[in-house]
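Structure assessment
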Amino acid sequence: MSTIGRRTKVKEFLHLVDIEAFITNYRPNFMYLSGFTGSTAFLIITGDKDYIVVDGRYILRAKNEVDDDIQIVDTLDKSSLIKKTRDLLKDLGIGTIGIEKNNLRVSDYLFFSEYFDVKPFNYVIESIRSEKDRDEVEKIKKALLISERVLQEAEAKLYEGVGKLSEIELANFIKRRIIELGANGLAFEPIVAFGKNTALPHYTPSDNILKEGDFVIIDMGAVVDQYHSDITRSFCIGKNSEFERLYKIVLEAQIASIESIRAGVPVKNPYIVATKVFEKYGLKDYFTHGLGHGVGLEIHELPSMSAAGFGFLKNNNVLTVEPGIYLPEIGGIRIEDMVIVEDNGVNILTRYPK
Ligand SMILES: [Mn+2]
């Protein structure tokens with residue numbers, strides 16, 4: 001797939017802010033704009049031609065992956081990546097460059113500042129990345145489908161696991177099955193929590209054994225062709241009326257916030273909607289994290305669906321919606337779906353029952 005359309009948006013940005021080139025060495029960003037999947041590179045976008053600077057390890061890979069209209073520049077003369085990038089910019093007669101203040105190292109910033117008029121910008125490429133194209137959505141759907149299949153198998157293990165299944169065992173099973181079903185990797189280390197451990201939103205699985213009446217949280221994701229997925233479900237093994245009461249409230253918050261999502265709405269609004277539902281039940285202080293996040297080449301990307309979220313939701317943003325409440329000594333509940341933002345609402349990608 002050609003990345004020229006994506007780079008054209010950066011070229012429009014160059015024009016808008018009056019700089020001659022924009023550079024990035026942040027992997028998800030150069031991957032998105034060039035197709036190159038190696039770990040290190042400098043991508044240079046100019047108003048005219050674009051360049052990618054790679055070291056000796058990556059020349060062949062770059063030739064295979066990078067779009068034909070991007071010129072590959074190597075460091076076979078043993079110069080460092082950053083010096084080669086400087087030399088190239090100088091050769092091109094470039095004086096003003098845009099850099100990523102959210103990604104570039106301070107030492108690299110100071111280096112470039114010695115030779116160029118450097119203008120720092122925040123989240124330029126990340127903002128472009130937040131609007132997914134059809135190809136990206138297909139990859140995310142594949143990654144989500146694998147996660148849902150594995151979650152189904154993991155849920156079945158719960159019902160026969162009382163008194164014997166540990167959190168670590170189930171987490172290891174999930175990791176193995178994600179790979180066996182064809183994912184390229186895990187989106188993150190799965191969270192598997194039983195009982196009171198569910199009250200810790202970002203818990204690390206232990207040897208704790210599943211008991212009758214336990215709250216259970218499983219949060220996991222797969223990566224397919226560099227794209228991530230993310231799903232969380234809460235279960236209760238056996239009867240627990242407190243779980244049923246709290247689950248209905250979290251589900252109400254999740255549905256209300258999903259219903260508030262559409263293109264043009266302030267990014268922080270759905271978070272406020274969820275908060276209001278919890279407030280109604282006196283549980284606002286137990287909702288201790290944001291509502292969700294963008295997902296794509298990174299597991300957490302723009303937009304950030306929290307009180308700190310900025311700007312407006314856009315068409316084809318892919319988001320998680322994952323309200324949760326966490327009561328110490330009782331347990332926690334979180335329900336997470338992935339959605340695509342549309343003009344008049346959302347397309348809910350997650351099919352798993354809730
Ligand atoms: Mn998530």
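Scroll up a little and you will see the structure.
An account of the accompanying structure is given in this report. (Residues numbered from 1 in each chain as written. Predicted model: local features only at pLDDT ≥ 70, side-chain atom pairs only at ≥ 80, totals over all residues.)

Attention shifts here to the overall build of the chain. Along the backbone of the chain there are ten helices and 19 strands. In terms of C-alpha radius of gyration, the chain reaches 23 Å, essentially the compact-globule figure of 20 Å for 354 residues. Principal-axis analysis of the C-alpha atoms places the extent of the chain at approximately 70 × 40 × 35 Å. Among the 354 residues that make up the chain, the fraction classed as buried is 41%. Excluding contacts between residues fewer than 6 apart, the proportion of contacts in the chain whose partners are at least 24 apart in sequence is 64%. (Helix = DSSP H or I, 4+ residues; strand = E, 2+ residues; numbered from the N terminus. Rg over C-alpha atoms; globule rule 2.2 N^0.38 Å. Buried ≥ 20, exposed ≤ 12 C-beta atoms within 10 Å, placed from the backbone. Contact = placed C-beta atoms within 7 Å.)

Our next topic: the nonpolar core. If you look at the biggest cluster of nonpolar residues, it comprises 58 residues, and the most contacted ones within it are A143, A222 and V339. Looking at this core element by element, the count peaks at seven residues for helix α7 (residues 134-159). Counting 30 residues, the second-largest nonpolar core is a separate cluster that includes M31, A41, I44 and V73. (Core = buried A, V, L, I, M, F, W, Y, C linked by C-beta atoms within 7 Å.)

Let's shift gears to the packing of α7 against helix α8 (residues 167-180). Here α7 crosses α8 at 145 degrees, and the two axes come no closer than 10 Å. The handedness of the crossing between α7 and α8 comes out as right-handed. Taken together, the residues of α8 that come into contact with α7 (itself represented by I146, V150, E153, A154 and K157) are L170, F173, I174, R177 and I178. When the residues that make up the contact of α7 with α8 are grouped by side-chain class, the tally is seven nonpolar, no polar and three charged. (Axes fitted to C-alpha atoms, helices over the stretch in contact; angles between N-to-C directions. Left-handed = near helix turned anticlockwise from the far one by under 90°. Nonpolar A, V, L, I, M, F, W, Y, C, P; charged D, E, K, R; others polar.)

Pairing geometry for strand β18 (residues 337-342) and strand β19 (residues 345-348), over four bridges, is antiparallel. Across the sheet, I340 pairs through a bridge with N347, a residue of β19. Joining the antiparallel neighbours β18 and β19 is a turn of two residues. (Pairing = 2+ DSSP bridges.)

Further remarks concern the sheet that holds strand β4 (residues 70-74). The strand order across the open sheet built from six strands is β4-β3-β2-β1-β5-β6, with neighbouring strands paired in mixed fashion. Every interior strand has two partners, whereas the edge strands, β4 and β6 (117-121), have only one. Going across the sheet, the axis of each strand differs from the next one's by a mean of 25 degrees, ignoring polarity. Looking at chain direction, strand β5 (residues 96-100) and β6 are connected through five bridges and run parallel. Residue pairing in the sheet places I97 in a bridge with V118 of β6.

Attention now goes to the sheet that holds strand β7 (residues 185-186). Across the sheet, which stays open at both edges, the three strands sit in the order β7-β10-β11 with antiparallel pairing between neighbours. Both edges of this open sheet fall to β7 and β11 (227-228), since each of them pairs with a single strand only. As judged from the two bridges shared by strand β10 (residues 222-224) and β11, these two strands associate in the antiparallel manner. Following the sheet pairing, V224 is matched in β11 by Y227.

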